[in-house]
Amino acid sequence: MYEIDPSRTDLVDEFRNNPGGPYSEELTLVVNRLRLMPMQDKHVLVCTKRGREWILAKIPPERGAKVELFKDQVFKNYSDGVWEVFKRRWKTVTGQDVR
Amino acid sequence: MKKILGYCDDWSAVAGGTVSFKISTYGPDRFEATLVRVICGDVDPAHGIFQEEEIDAPLNGEHKGHLQPIDAGSYAVVPQSSSMDELGSFTVQAWVFPTTPAKGEQGIITNWQNDRGAGFALMIDGSGAIALRVGDKTGKVSDVSTGVPLAERRWYLVSGSYDSGTGEITVRQTPVEATLEKLLAGEATGTGAYSSASAPLMFAAFPDILSDSRPSSARHFNGKIDRPRLSAGVLPAHDIAAIAADEGPSARHDGIIGAWDFSQVIGTHDICDTGPHGLHGRTVNLPSRGCKGYNWTGNEQNFRHAPHEYGAIHFHDDDLYDAGWETTFSYDIPKDFKSGAYAVRLRADDDESYVTFFVRPPKGKTTAKLAFLASTVTYMAYSNYHWLFHERFAEVTEAFWTTLQKTDVFLQEHNEFGLSTYDNHSDHSGVRFASRLRPILNMAPGTPCWSFNADTHILGWLENQNIDYDVLTDEDLHNEGVAALEPYTAVLTGTHPEYYTTPMLEGLHQYIEGKGRLIYLGGNGFIWRCAMSDNFPGAIELRRAEDGIRYRNEEPGEYYLELTGEYGGLWRRLGLPPQALVGVGTIACGFDRSGYYRRTEQSFDPRVAFIFNGIGEDEIIGDFGFLGDGASGSEIDATDLLMGTPAQALIVARSEGHSANTLICPDEIGFHYPAMDGVQSPLVRAEMTFFESPGGGAVFSVGSIAWAASLPHNGYDNNVSHLTENVMRRFLEVTPFKIPATPG
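Residues numbered from 1 in each chain as written. Chains lettered and ligands numbered in written order. Predicted model: local features only at pLDDT ≥ 70, side-chain atom pairs only at ≥ 80, totals over all residues.

A separate point is the overall build of chain B. Each helix and strand counted, chain B has 13 helices and 43 strands in total. In terms of overall dimensions, chain B is globule-like: its C-alpha atoms have a radius of gyration of 28 Å, near the 27 Å expected for 744 residues. With 744 residues in all, chain B has 58% of them scored as buried. In chain B, 74% of the contacts between residues at least 6 apart in sequence involve partners at least 24 apart. (Helix = DSSP H or I, 4+ residues; strand = E, 2+ residues; numbered from the N terminus. Rg over C-alpha atoms; globule rule 2.2 N^0.38 Å. Buried ≥ 20, exposed ≤ 12 C-beta atoms within 10 Å, placed from the backbone. Contact = placed C-beta atoms within 7 Å.)

And the structure:
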């Protein structure tokens, strides 16, 4: 499986500047790795107001369990929410904060 | 997050008929209801095209609300009988194939009364082992367990016996011998005291009571049960084994009280007792039937050819057929009510939901020359999907970052609302049934634009272009065949008419063969065979046999639909590929970015001049749109003469500009290879197609789900809209089309 090199801050910058894509070939490998991570502990967004507001959340460990909402992570801009998801998943997969 | 939900008793209502609405609130004790005509349900503020019309109706206004619970999980029940009430010593047994034995207590065969702790239960206990529980109604409950956890997905003969003279209990679990594994058997004895429960007998659950006092079920068994038996007396192991293998044991064994044969009357609610007392019963919540039994050899793949090898029912703790809610209010639809898509809009606190339904003209009448065929069977197939929570590859397939709606969060937190045919059950077996007799959280205005709400782009366009239409549903086509369509000069599909029963397909085929005009304004249509039955109104069955784009696999040996006995899977494998019906069939899927169309040489044929009226020779068509910024995308279709595209069909436009994430479908290729994507492969394209039919009718296909999302661009003033209107106007004009001769 593709392993992310945490020192590749250039790819992080590329994502931050264009979170919606399209992505370069190398960034696509990083993005796919973050998208293919196990469902449990995956950070996602919940749309609370259509087209206007999103909140950070986490996929729960089992069916029927409550979806954890991060009430201090509310976004009025979708791209900001995606950037937060990227950072959190980067941390989960690499063990390191985005530099 | 969700405070109010509801459903109605039928999606296809008739002007002059009545629809009943069942509503539940989660917190609020009051709610507001308003009847609306659905015109365009796309609420994205950036699109600015949402449209609904409030309709005067007696149901409008404030109502009292309360929570209505749901009894989810499948099981079977045999009514209380004196033969069971009078049990003294007994032996209860079955073949079982547990799929989640470690998931806590699960009832296999129970005759139990919770309040008094009376009766018996052959069950999986908290350690995952087989146990027999008895209770004597004084509060003394005894469990005797083998203590040996069952292995997942392996067949066992399990039994429990009780001696009324000594109180001795014997419990056994014996695995079917496996060639490559060493599975553990278990046996144990103990004592207890039994008194009759005076209650129904249940398979695959314990009894329970809902918060509204309706009888229900709990501690469901996940897995298969085959040949359950109940006998008087304490039977030795060899008798238990003999009875287990005997299809009709009461002919050869004394003392049989019940001997249920689940291989009979598959496709119905009923379960048959071959024993002397006729203790027949019914299933609840549509468990899967016609499932491979303990003795399946693989020599036959069709349950009708070897019923004795298909005697198992697969029960699931998350099956749901009918939520069974009380009616909150009904609506008597006026006889002159305009045919269309409607909903009751519900508001409670800060939450809003819709209960969507459709209204046809009164029987025998039409009020327009055009019929919009609402893809209600497809809406059911996708109803309440959970793939955003379960599918690890969903994000790379769709090239997005998961964004849940409040409805998704609610469904995750409330297992009792059931699943879609795209999901797996909690035990990882595929979901085969979907029902509309429950709240459907993703078939409404305001939901993501997929399936129903994507179709409202078409309804909004029709409204904007002042084109009159009646609405029919897939269920109408299924029930009435071509007779439902014949009164209409033209029939218009939605964006994604993917799931078709045999009667639906035959009806549409006959319509096209005749003088009917079909406008297929979508993609990935006419793909999967599914089934419906009068035994289970409001439900569809799907078996994802063999291949096809799918989020779950089908169980080998169980490819035949239980409701009709037909072989399941793709229509392209079953003798009526979509190419032979509408000229095109699915070739590729890609959800990140859509392409556009370019005219072909055949677009200059005089037969299709009407399509391109006002469209330039080199004009790019549809390089805009709300779905991937192009009119050709999501799931796209192309012609294939080998698959039956009519020889006279003209390919009038072809798409380009597809992304590297748009890939050829697995059913189109024999072997995967690099360069299967929209950048590198010449196969990845949508083909806009036209052909005339022998009866003077015609078919126009755009071959793209994304097409309709381009209709509203620039205030509906764009070449996708103009081209569609050109086709529509000609198709509604009754002059017959003349089919050219096919060269010999």
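Bringing the packing of helix α1 (residues 9-17) of chain A against helix α2 (residues 25-35) of chain A into the picture now. Residues and elements named next belong to chain A. Look at α1 against α2: their axes get within 10 Å of each other, and the N-to-C directions meet at 85°. On the basis of the axis angle, α1 is roughly perpendicular to α2. Only E26, L27 and V30 of α2 make contact with α1, whose side of the interface consists of L11, E14 and F15. Taken together, the residues of the contact of α1 with α2 break down into four nonpolar, no polar and two charged. (Axes fitted to C-alpha atoms, helices over the stretch in contact; angles between N-to-C directions. Parallel < 35°, antiparallel > 145°, perpendicular 65-115°, else oblique. Nonpolar A, V, L, I, M, F, W, Y, C, P; charged D, E, K, R; others polar.)

Attention now goes to the sheet that holds strand β1 (residues 4-8) of chain B. Residue and element names in this part refer to chain B. Read across the open sheet, the three strands follow the order β1-β3-β25; overall the sheet is antiparallel. Edge positions in the sheet fall to β1 and β25 (329-332), since each of these pairs with one other strand and no more. The average angle at which neighbouring strand axes cross in this sheet is 25°, direction not considered. (Pairing = 2+ DSSP bridges.)

On to the pairing of strand β38 (residues 585-599) of chain B, then. A regular strand carries its side chains on alternate faces of the sheet. Residue and element names in this part refer to chain B. The buried fraction of β38 is high, at 13 of 15 residues. As defined by bridge partners, β38 adjoins strand β39 (residues 632-638) across six bridges and the pair is classed as antiparallel. For G595, the partnering residue across the bridge sits in β39 and is S632. Pairing between β38 and strand β41 (residues 663-664): two bridges, direction antiparallel. Paired with C589 across the two strands is L663, which belongs to β41. Alignment of β38 against strand β40 (residues 650-656), held across four bridges, turns out to be antiparallel. Note on β40: the bridge partner recorded for Y596 is E656.

For helix α6 (residues 406-413) of chain B, a buried count of six out of eight residues is recorded, marking the element as mostly surrounded by other parts of the structure. Inspection of α6 of chain B places T407, D408, V409, F410, L411 and Q412 of chain B among the buried residues, and these make up the whole buried set. Turning to α6 of chain B, the residues buried within the fold contact β1 (43-49) of chain A together with α4 (387-390) and β29 (403-404) of chain B.

The subject of this paragraph is the sheet that holds β29 of chain B. What the four strands build is an open sheet, ordered β3(A)-β2(A)-β1(A)-β29(B); its pairing is mixed. Two strands lie at the open edges of the sheet, namely β3 (68-75) of chain A together with β29 of chain B, each paired on one side alone. Two strands pair when backbone bridges link them, and β1 of chain A and strand β2 (residues 53-58) of chain A are joined in this way by six bridges, in the antiparallel orientation. Looking at the pairing, K49 of chain A lines up with E53 of chain A of β2 of chain A. Sheet strands touched by helix α3 (residues 78-94) of chain A: β1, β2 and β3 of chain A. Its angle to β1 of chain A, the strand with the most contacts, is close to 155°.

Judged by nonpolar contacts, the single largest core of 244 residues is most densely connected at I108, I519 and I540 of chain B. Setting aside chain neighbours within four positions, we find I108 of chain B in contact with A94, V96, L122, M123, I124, V158, A204, F221 and I225 of chain B. (Core = buried A, V, L, I, M, F, W, Y, C linked by C-beta atoms within 7 Å.)

Residue and element names in this part refer to chain B. Residues W528 and C530 of strand β35 (residues 528-531) are buried on one face, and the alternating residues R529 and A531, pointing to the opposite face, are buried as well. In this structure, strand β33 (residues 499-500) lies alongside β35, joined through two bridges in parallel fashion. Residue pairing for β35: Y499 is matched across the bridge by W528. Sheet topology places β35 next to strand β37 (residues 569-570); two bridges connect them, and they run antiparallel. Considered in β37, the bridge of R529 is made with G569. Alignment of β35 against strand β36 (residues 539-542), held across two bridges, turns out to be antiparallel. Directly across from C530, in β36, lies its bridge partner L542.

Residue and element names in this part refer to chain B. Each assigned domain of chain B is listed with its residue range as follows: domain 1 (4-68 + 323-360), domain 2 (75-315) and domain 3 (371-731). The gap between the C-alpha centroids of domain 1 and domain 3 is 26 Å. Tallying the contact residues gives 26 residues for domain 1 and 28 residues for domain 3. When the residues that make up the side of domain 1 that touches domain 3 are grouped by side-chain class, the tally is 14 nonpolar, nine polar and three charged. (Domains from an automatic or database assignment.)

All names here are of chain B. Positionally, F337 belongs in the loop between β25 and β26 (340-348). On the basis of neighbour count, F337 is assigned to the buried category, with 23 C-beta atoms found within 10 Å. Counting along the chain gives 323 residues from F337 to V14, while the straight-line C-alpha distance between them is 8.8 Å. Setting aside residues no more than four positions away along its own chain, F337 makes contact with A15 and V359.

Taken together, the contact pairs 22 residues of chain A with 21 residues of chain B. For the side of chain A that touches chain B, the element with the highest residue contribution is β1 of chain A, accounting for four residues. A per-class count over the side of chain A that touches chain B returns 14 nonpolar, three polar and five charged. Direction of pairing for β1 of chain A relative to β29 of chain B: parallel, over a ladder of two bridges. Looking at β29 of chain B, one finds that L45 of chain A is bridged to T403 of chain B.

Cis geometry marks the peptide bond from G21 of chain A to P22 of chain A; its omega dihedral reads 0°. Take P22 of chain A: it is sitting in the loop between α1 and α2. Even without glycine at this site, D349 of chain B takes up a positive phi of about 50°. One can find D349 of chain B in the loop between β26 and β27 (351-360). The phi angle at S634 of chain B is positive, at roughly 70°, despite the residue not being glycine.

Residues and elements named next belong to chain A. If you check which residues of α1 are buried, you get L11, V12 and F15. Down the axis, α1 shows its buried residues gathered within 105° of arc, on one side only. For α1, exposure combined with an orientation more than 90 degrees from the buried face picks out T9, D10 and N17. Buried-residue contacts for α1 involve α2 and α3. (Arc of directions from axis to C-beta.)

Before going further, it helps to spend a moment on the environment of P497 of chain B. Residues and elements named next belong to chain B. Inspection of the secondary structure puts P497 in the loop between β32 (490-493) and β33. Here P497 falls in the buried class, since 26 other C-beta atoms lie within 10 Å of it. The spacing of P497 and I527 is 30 residues in sequence and 8.3 Å in space, taken between C-alpha atoms. If we ignore the near neighbours within four places in the chain, the residues touching P497 are S375, T378, G522, G525 and F526.

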